Amino acid sequence: MPLLVMKFGGTSVGDAAAIRAVAAITEAQRAAWGQVALVVSAMSGVTDMLIRGATTAASGDQQTFRDVDRLLREKHAAALAELVPDESERTAISDQVFRLINEFSILCHSVAVLGELSPRAIDAISSLGERMSVRVVAAALRARGIPAEALDATGFVITTTHFGDARPLQDVTRERTRAQLLPLIERGIVPVVTGFIGATEQGMTTTLGRGGSDYSGAIIGAALDADEVDIYTDVDGVMTTDPRLAPDARVIPVLSYAEMGELAYFGAKVLHPRTIRPVVERGIPLRVRNTFNPSHPGTLVVQEVESNGQTVKAVTAIRNLSLITVEGRGMIGVPGVAARTFGAVASVGANVLMISQASSEQSICFVVPSNTVPQVTYALEHNLAMELARRDIDRIWARDDVAIITAVGAGMRDTPGVAARVFGALAESRINVIAIAQGSSECSISTVVAASDCDAAVRAVHRLTQG
Ligand code: ADP
Ligand code: ASP
Ligand code: MG
């Protein structure tokens, strides 16, 4: 029987009305597909609240996490009151949720006493939102007559120990996910699995990075060899740009994995950047759809897309970046400078989002998140001390407050002049381009602009998607 994995994001489970919509979609899709499994985010705002409680506790504040404790109780109790009419079931579920909230306060209290918040403690605390929401959603499905069971992914999504940014270990995850979920699915029970979280082989809770429930959906879909993975969110699909930036953004009906990968990597928040990989590997179609407009077909993401003559399909932006330049005449023809430069950046764990090298070889510049600049420049000065002393490298400097604007579309590969149109559009809006790079997949062109030009640049390039 075909299997559909559906992931529902934070707003999709944000209150009782949203969870009712989730239950209605689950019922309809279960009838259509035969078998379904759900992956669910924390209720909207909850992960932020948990993290705020933890970070304020670390600075000795004993009040904020107590306020968060109360808000969490109210939010989940209000949803349960509307969704679960049976009193004994409602009490049982709210007991489970309240136990998790107690755990939150106990953890925050320890953080406050220690005055220290380790990455491991942040993950233990921020994982609680999903552990609460799955219990509420599963109860809501049962109240509607759909057999459902809440499951913590910590039992089967087994990850590396990179707290806050963990990756699944594919083989064990596949084996355990199948062992846990398939028997339920075969009995007609809908598993409702926590997104965002996993555990190390030793059983320590990890998270997959903010927005990581999409990734969880793909990981579980791939492990189960699902026939499709649907990401349900609060917009009709993947759009030509962030609808909050350009009200005339339109839904894109079909995208290739490569295009979607570039969009997500370069900042389209609608999908976590790692989501594509697990589904590509197994050729599983991915769909992005709207919980609040379920009759809309959304965006389908597949291997090959027939060209519709549209070269620039979408535009994205990433903010809060800095451009670091390593420059010096002595770099010409000296092998290994680039390798050591990026070695230094990697040694502090900073993420290089884009690289561009001038053809004269006199400088290398690359873009990193602004909050990593102090560590990155320190590591560079340390690793390249000899070249600096010899004046082979003249200077290493950072330009803050820049943004990357990326135009995405597979048609760029075979169409000459797309880059010229992108730069033309920016020039027309009087936007100065600081640096450029073309992705190796040749389905994106990225430009670096001043942060203050970011919104105008997005709108300027967005006009090309109408062409
Ligand atoms: P969820 O909680 O369902 O995971 P997110 O807030 O993480 O939802 O992602 C959905 C949001 O992504 C949309 O509400 C929209 O504002 C934003 N977004 C940014 N870029 C795009 C884009 N290109 N297409 C669609 N949505 C986008
Ligand atoms: N709840 C997590 C977050 O807010 C994961 C997600 O929603 O995808 O980051
Ligand atoms: Mg999201």
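Higher on the page you've got the structure.
This is a predicted model, so every value here is computed, not measured.

A. How the structure looks around the packing of helix 5 (residues 119-126) against helix 6 (residues 128-143). One way to put it is that helix 5 packs onto helix 6 with a least axis distance of 4 Å and a crossing angle of 15 degrees. Relative to helix 6, the element helix 5 is oriented roughly parallel. In this structure, helix 5 uses Ala124, Ile125 and Ser126 to contact helix 6, whose residues at the interface are Leu128, Gly129 and Glu130. Its residues placed into classes, the contact of helix 5 with helix 6 shows three nonpolar, two polar and one charged.

B. Geometry of the packing of helix 1 (residues 16-33) against helix 6. Contact pair helix 1 / helix 6: the axes reach a minimum separation of 10 Å and the direction vectors enclose 55 degrees. Taken together, the axes of helix 1 and helix 6 are oblique relative to one another. When you trace helix 1 past helix 6, the crossing you get is right-handed. Contact with helix 1, carried on its side by Ile19, Val22, Ala23 and Thr26, involves Val136, Val137, Ala140 and Leu141 of helix 6 and no other residues of that element.

C. Looking closely at the state of the cysteines. Tallied over the full model, the rule gives zero disulfides. Free of any disulfide, Cys365 has its nearest cysteine sulfur in Cys454, 18 Å distant. Given a relative accessible area of 12%, Cys365 falls into the buried group. Take Cys454: its relative accessible area is 0%, and that puts it in the buried class.

D. Spotlight on the site of ligand 1. Surveying the vicinity of ligand 1 reveals 16 residues, the closest of which are Lys7, Thr233, Asp234, Met239 and Lys269. Within the backbone of Gly10, one N or O atom sits 3.1 Å away from an oxygen atom of ligand 1. Between Thr233 and ligand 1, the recorded distance is 2.7 Å, taken from a side-chain N or O atom to an oxygen atom. Taken by itself ligand 1 offers 570 Å² of open surface, and the protein chains cover 88% of this. Residues that form the shell around ligand 1 fall into these classes: six nonpolar, five polar and five charged.

E. Quick peek at the sheet that holds strand 8 (residues 254-256). Pairing is mixed across the open sheet formed by eight strands, whose spatial order is 3-4-2-1-7-9-10-8. The open sheet has two edge strands with one neighbour each: strand 3 (148-151) and strand 8. Neighbouring strand axes in the sheet, compared pairwise and without regard to direction, differ in orientation by 20 degrees on average. Pairing geometry for strand 9 (residues 286-290) and strand 10 (residues 299-302), over three bridges, is antiparallel. Each residue of the ladder has a partner; that of Leu286, found in strand 10, is Val301. With respect to the sheet, helix 9 (residues 257-265) is in contact with strand 8 and strand 10, its orientation differing from that of strand 8 by roughly 85 degrees.

F. Broad picture of the side chain of Thr233. One can find Thr233 in strand 7 (residues 228-233). Only 3.3 Å separates the side chain of Thr233 from the side chain of Asp234, close enough to count as a polar contact. With sequence-adjacent residues up to four places away left out, Thr233 is seen in contact with Ser12, Val270, Val288, Arg289, Asn290, Thr291 and Phe292.

G. How the structure looks around the packing of aromatic side chains. The full count for this structure, using the stated rule, is three aromatic pairs. With a centroid separation of 4.8 Å and an interplanar angle of 85 degrees, the aromatic rings of Tyr265 and Phe266 are classed as edge-to-face. Judged by its relative accessible area of 35%, Tyr265 falls in the partly exposed class. Consider the rings of Phe342 and Phe366, whose centres lie 5.2 Å apart with planes at 65 degrees: the pair is edge-to-face. Of this pair, Phe342 sits in helix 11 (residues 337-347) while Phe366 sits in strand 13 (residues 363-369); the two residues are 24 residues apart in sequence, bridging distant segments of the chain. What makes Phe342 partly exposed here is its relative accessible area of 22%. By relative accessible area, Phe366 is classed as buried at 0%.

What counts and how
Residues numbered from 1 in each chain as written. Chains lettered and ligands numbered in written order. Predicted model: local features only at pLDDT ≥ 70, side-chain atom pairs only at ≥ 80, totals over all residues. Heavy atoms only, no water. Axes fitted to C-alpha atoms, helices over the stretch in contact; angles between N-to-C directions. Helix = DSSP H or I, 4+ residues; strand = E, 2+ residues; numbered from the N terminus. Parallel < 35°, antiparallel > 145°, perpendicular 65-115°, else oblique. Contact = heavy atoms within 4.5 Å. Nonpolar A, V, L, I, M, F, W, Y, C, P; charged D, E, K, R; others polar. Left-handed = near helix turned anticlockwise from the far one by under 90°. Disulfide = S-S within 2.5 Å. Buried < 20%, exposed > 50% of the residue type's maximum accessible area, 1.4 Å probe, protein only. Near = heavy atom within 4 Å. Polar contact = N/O pair within 3.5 Å; in protein donor to acceptor, adjacent residues only side chain to side chain. Areas by Shrake-Rupley, 256 points an atom, 1.4 Å probe, with all protein chains shown as cover. Pairing = 2+ DSSP bridges. Phe/Tyr/Trp six-rings, centres within 6.5 Å; stacked < 30°, edge-to-face > 60°.

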